[in-house]
Each structure stands twice: as structure tokens, then as C-alpha cells.
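# Summary of structural features
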Amino acid sequence: KNTGDSLSIDKEKIDLGFNWADESDWAAEDKVTLVNLKDSPLAYDVSFKCCGLGENKTAQGIKASVTESHLTMDPKSIANLGFSIAISQNSDVPNGRYNGFLEISSKTENFTVPVTFFKGYGVRVYYSGGAPNVLSFYKNSLTEIFAFPGNNNDSTIFYLTEAGPWFLQGVWSGDEDA
């Protein structure tokens, strides 16, 4: 929860999910619920800065929008604020992790809710009988991704910016006396 003196927002961060690299277009939407904590009306300006690859500015081909750019809330009221992204030429947008933010600001408070999504390829590896100590997913010796799944997982997802084929290697520790 993201809470200030006057406003409470139900989400601290938002993951819009996975955009498969071979899709011709892609869209995602979500909403945040805002609660006015005051006995007086509140007014906020809203913007959605989305989305850049790494440290870059908004990538070409990504259209981001919010349902309202200015929001006025009655005392002790609740409002839903929707936002969306759309990519019409998915092949023109590079693969990778995209980051942006939803900004909600007034004269006295500013809120930033990070927003992310991944565009590329993905593989989920399921296992039973215990998680491996290490999973190595690799294309060649120069392109290798390691994962350390932990004991409470039954699967691991690899997010990849390049198409396959890829190779998977898992390492499980065992009882030496067995």
C-alpha cells in the first residue's frame, strides 16, 4: 500500500506482465484504487510515463494512457484510476524489461507507482521432488543465465530477450550416502 497524509493507493508497484516477442501487437491495462483520507475534497494531476527500456526514455511505438489526467475526489471517497499501454507494431519495439511510472500529484503530495512489463521470450521450468540448487539456462558460453530457485518453489521462469534454442542444466544436491 502507498499511503500519504491525504491519500491511500492500493498498489506499491504494478507488473503488467509478459509481451511475447512474436505477437503482432500487444496491450495491457490495470487500475489503482485511491482513497481520500481527508474530510475535505482533494484534487490530483495524473500522468503515466511509460515505458523505457533500462534507463532510456519512453520507447518509440508504446502508447500509454490514463483514464483521467485530473482527478477530483469528494471527502472520504474512493476512486478507481485506470491506465493502459498499447503497442501496435510489436516487432519495432526491442525486447527487454520496460519500466515506467504512474504519477499522482497535488500541491502537497506526490505519489509514484512503478510500472513494469517484459517483452521477449519466456520459459517456465517445472520440477517435482525438490527444487534444484542451481539452474543454468544457456545458449552458448557467452550467454548464460543462472537462477537459484530456493526450497519453496515448484517452478522457475526465465525471461529471455533472444529466441532459442537454449539449453538447460540443473544441479541438485544429494545424499552422498545414498
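Residues numbered from 1 in each chain as written. Predicted model: local features only at pLDDT ≥ 70, side-chain atom pairs only at ≥ 80, totals over all residues. Heavy atoms only, no water.

In terms of helices and strands, the protein carries zero helices and 14 strands. When the helices and strands of the protein are listed from N to C terminus, the series reads β-β-β-β-β-β-β-β-β-β-β-β-β-β. Taking 178 residues into account, the globule formula puts the C-alpha radius of gyration at 16 Å, and the protein, at 21 Å, lies well above it. Its C-alpha atoms give the protein principal-axis dimensions of roughly 70 × 45 × 25 Å. Put simply, the protein has 178 residues, and 37% of those count as buried. Across the protein, contacts joining residues at least 24 apart in sequence account for 68% of those joining residues at least 6 apart. (Helix = DSSP H or I, 4+ residues; strand = E, 2+ residues; numbered from the N terminus. Rg over C-alpha atoms; globule rule 2.2 N^0.38 Å. Buried < 20%, exposed > 50% of the residue type's maximum accessible area, 1.4 Å probe, protein only. Contact = heavy atoms within 4.5 Å.)

A few words on the side chain of Ser6. Looking at where Ser6 falls in the secondary structure, it is placed in the loop between β1 (2-3) and β2 (7-9). Once residues within four sequence positions are removed from consideration, Ser6 is found in contact with Val35, Asn36, Leu37, Lys38, Leu42, Tyr44 and Glu109.

A word on the nonpolar core. One finds Leu34, Ile62, Ile85, Leu102, Ile104 and Phe117 to be the most contacted residues of the largest nonpolar core, which totals 31 residues. Put simply, the parts of the chain that give this core at least two residues each are β2, β3 (14-20), β4 (26-36), β5 (42-53), β7 (70-73), β8 (78-87), β9 (96-105) and β10 (110-126). Looking at this core, the element that brings in the most residues is β5, giving six residues. Ignoring any residue separated from it by four or fewer positions in sequence, one finds Ile62 in contact with Cys50, Cys51, Ile85, Ala86, Ile87, Val93, Tyr98 and Phe117. Counting residues in each nonpolar core, the second largest holds nine residues, with Ala131, Leu135, Phe137 and Leu160 among its members. (Core = buried A, V, L, I, M, F, W, Y, C linked by side-chain atoms within 4.5 Å.)

Glancing now at the environment of Glu109. Secondary-structure assignment places Glu109 in the loop between β9 and β10. Measuring from C-alpha to C-alpha, the distance between Glu109 and Asp5 comes to 8.1 Å, with 104 residues separating the pair along the chain. In this structure Glu109 touches Gly4, Asp5, Ser6, Leu7, Tyr44 and Ile104, once residues within four positions along its chain are discounted. At a separation of 2.6 Å, a polar atom in the side chain of Glu109 contacts the main-chain amide nitrogen of Asp5. (Polar contact = N/O pair within 3.5 Å; in protein donor to acceptor, adjacent residues only side chain to side chain.)

What makes a disulfide is a covalent bond joining the sulfur atoms belonging to two cysteines. Inspection of every chain in the model, using the stated rule, returns one disulfide. Across the disulfide from Cys50 sits Cys51; the S-S distance is 1.5 Å. Judged by the sign of its S-S torsion, about -60 degrees, the bond between Cys50 and Cys51 is left-handed. Under the relative-accessibility criterion, Cys50 is labelled buried at 3%. Residue classification places Cys51 among the buried positions, given a relative accessible area of 1%. (Disulfide = S-S within 2.5 Å.)

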